[in-house]
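Remarks on the overall topology
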Amino acid sequence: MCIIIVKSKDKQVSTETLKNSARINPHGLGVIFLDTNEVKYFQSKEYNVLNTDRPYIAHFRYATKGKINRENTHPFICGQNTDELLMHNGTLTGYGSQDLCDSKHLAMELGGMPRNN
């Protein structure tokens, strides 16, 4: 199952935790840097980018559906709503395909739903 790490500005995540997360979830690393809302994608083995003082939410992927590629690496923008991002752990029944991961499929569907303002 994937791993999501939430790191606040005043905390540190041990290198050992990051290394183990990358080892058991080798299929991609997506990061939202919370100080700028910047989203970046890396290979899991590039976990050292998370040795930073910056606050972030990181997702180490373990592929259960969809190809292992950048396009299937979390987080996903929800449709055209660029300020809404989705990360997910586990497998969603009825979503995804051989090419498309289930979480990206869900993000696309959520993006098409009307919002109550």
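For the structure itself, consult the block above.
Residues numbered from 1 in each chain as written. Predicted model: local features only at pLDDT ≥ 70, side-chain atom pairs only at ≥ 80, totals over all residues. Heavy atoms only, no water.

Enumeration according to the criterion identifies zero disulfides in this entry. Cysteine Cys2 remains unbridged, with the sulfur of Cys101 as its closest cysteine sulfur at 8.3 Å. Judged by its relative accessible area of 10%, Cys2 falls in the buried class. Cys101 provides the cysteine sulfur closest to Cys78, a residue in no disulfide bond, and the two sulfurs are 12 Å apart. According to the relative accessible area criterion, Cys78 is buried, its value standing at 6%. (Disulfide = S-S within 2.5 Å. Buried < 20%, exposed > 50% of the residue type's maximum accessible area, 1.4 Å probe, protein only.)

Approximately 170 Å³ is the volume attributed to the largest pocket. As for the largest pocket, its lining consists of Tyr41, Arg70, Glu71, Thr73, Pro75, Phe76, Ile77, Gly79, Lys104 and Met108. At the level of elements, strand E5 (76-78) and helix H2 (102-111) are the ones that each hand at least two residues to the lining of the largest pocket. (1 Å grid on protein atoms, 1.4 Å probe; cavity = no way out; pocket = protein on both sides within 12 Å on 5 of 7 lines; lining within 4 Å. Points joined across faces, edges and corners; volume = space filled by probe spheres on them. Helix = DSSP H or I, 4+ residues; strand = E, 2+ residues; numbered from the N terminus.)

Glancing now at the environment of Ala22. Tracing the backbone through its elements, the reader meets Ala22 in helix H1 (residues 15-24). Classification of Ala22 by relative accessible area gives buried; the value is 8%. Through-space distance from the C-alpha of Ala22 to that of Gln80 is 30 Å; in sequence the pair is 58 residues apart. If sequence neighbours within four positions are ignored, Ala22 has contacts with Ser44, Lys45, Tyr47 and Phe60. (Contact = heavy atoms within 4.5 Å.)

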